[in-house]
Amino acid sequence: MTSTLRIFAAASAAAALLALTACSTSTTAAPTTASPTPSASATAPAECTGVTVIVETGDLAVDDSPAGQSCIETSSPIAAADAFEAAGITTEGTDEYGDQVVCRVNGVPAEDEAIEAEDGSDYFETCESMPAAFAYWSLWVKPAEGEWDYAQEGLSTLQLEPGDAVELLFTLNGEPAAPTS
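Residues numbered from 1 in each chain as written. Predicted model: local features only at pLDDT ≥ 70, side-chain atom pairs only at ≥ 80, totals over all residues. Heavy atoms only, no water.

### Structural notes on the packing of aromatic side chains
Our working rule: In this analysis, rings of Phe, Tyr and Trp, with Trp reduced to its six-membered ring, are considered paired at centre separations within 6.5 Å, and the interplanar angle assigns stacked below 30 degrees, edge-to-face beyond 60, and tilted for intermediate values. For the purposes of this entry, the term helix denotes a DSSP run of H or I that reaches at least four residues, the term strand denotes a run of E that reaches at least two, and both are numbered from the N terminus. A simple rule labels every residue: compare its accessible area, found with a 1.4 Å probe on the protein chains alone, to the largest value its type can have, and call it buried under 20%, exposed over 50%, or partly exposed in between.
With the rule as written, the count across this model stands at three aromatic pairs. For the pair Tyr123 and Phe134, a centre-to-centre distance of 5.4 Å together with 70 degrees between the ring planes defines the contact as edge-to-face. On the criterion of sequence distance, the pair formed by Tyr123 in strand E8 (residues 122-123) and Phe134 in the loop between E8 and strand E9 (135-142) is long-range, its members being eleven residues apart. Relative to Tyr150, the ring of Trp140 has its centre 4.3 Å away and its plane inclined at 25 degrees; by these criteria the two rings are stacked. You can see Trp140 sitting in strand E9 and its partner Tyr150 sitting in strand E10 (residues 149-150), a full ten residues away along the chain. The pair Trp140 / Tyr150 is uniform in exposure class, with both members buried.

Written out as structure tokens, the structure is:
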């Protein structure tokens, strides 16, 4: 089962890279028409009439976890990057792929933070290229009344509708393989 999850995670990461690489060649970004404002308190996705923004760190143990959930009040489409920004979440891309591949969320994982691989070795994320297939942030989207699925484009081009949810999920050694919310 664990090897199946690793294969699934690696294949999913490769598919996401192909989709995101295609998106990064686009010369025009979709306009953002909403003026998002985060709600005063986090609400469950079912209660949010705007866009629900979720960060889940999975099995990554960090002192200053960015995990949480916010409802961004908007009545029109909004770019995922703008929704995360309105929720107070900062992301860092990679040198090679820019913001189409998320490397850090609110500084996590830090460059000097050892991430233990399944084989017991330590890995340090440098954000130069694609993160390791066993330790990476993935972008998920859930349309209103829909199911979670990998986003087919990056933060800056992914457009969200009111009622949608978006999640950055850190997967470590194949777990979790999908959002738990």
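### Quick look at the state of the cysteines
Filter applied, for reference: Our working definition of a disulfide is a cysteine sulfur pair at a distance within 2.5 Å.
Applying the stated criterion across every chain, the model contains two disulfides. Bridging Cys48 to Cys71, the disulfide has an S-S length of 2.0 Å. Disulfide Cys48 to Cys71: torsion about the S-S bond roughly 80 degrees, handedness right-handed. Within this pair, whereas Cys48 is found in the loop between strand E1 (37-38) and strand E2 (51-56), its partner Cys71 is found in strand E3 (residues 68-73), the two being separated by 23 residues in sequence. As far as the burial class goes, Cys48 and Cys71 line up, both buried. Note that Cys103 is cross-linked by a disulfide to Cys127, the S-S spacing being 1.8 Å. An S-S torsion of about -85 degrees defines the bridge between Cys103 and Cys127 as left-handed. Separated by 24 residues along the polypeptide, Cys103 in the loop between strand E5 (91-92) and strand E6 (104-105) and Cys127 in the loop between E8 and E9 bring together distant segments of the chain. For the residue pair Cys103 and Cys127, the accessibility class agrees, reading buried in each case. Sequence-ordered numbering of the bonded cysteines in the protein chain gives a disulfide pattern of 1-2, 3-4.

### Focus: the pairing of strand E12 (residues 165-172)
The criterion, for reference: In this scheme, strands are said to pair when DSSP sees at least two bridges between them.
For E12, a buried count of eight out of eight residues is recorded, marking the element as mostly surrounded by other parts of the structure. Residue alternation in E12 divides its side chains into two sets, Ala165, Glu167, Leu169 and Thr171 and Val166, Leu168, Phe170 and Leu172, and both sets are buried. Bridge count between E2 and E12: five bridges; the pairing is parallel. Within E12, the residue paired with Glu56 across the bridge is Leu169. In this sheet, E12 lies alongside E9 in antiparallel orientation, the contact comprising eight bridges. Pairing of Ser138 across the sheet is with Leu169, part of E12.

### Quick look at the environment of Asp64
Here Asp64 lies in the loop between E2 and E3. When its relative accessible area of 64% is taken as the criterion, Asp64 is described as exposed. For the pair Asp64 and Pro109, spaced 45 residues apart in sequence, the C-alpha to C-alpha distance is 9.9 Å.

### Let's talk about the pattern of salt bridges
Definition in use: The salt bridge criterion pairs a side-chain nitrogen of Lys or Arg with a carboxyl oxygen of Asp or Glu, the two atoms within 4 Å.
Within this structure, the stated rule accounts for one salt bridge. Residue Glu92 pairs with Arg104 through a salt bridge whose shortest N-O separation is 3.3 Å. Residue Glu92 is found in strand E5, and its partner Arg104 is found in strand E6; the two are separated by twelve residues along the sequence. According to the relative accessible area criterion, Glu92 is partly exposed, its value standing at 37%.

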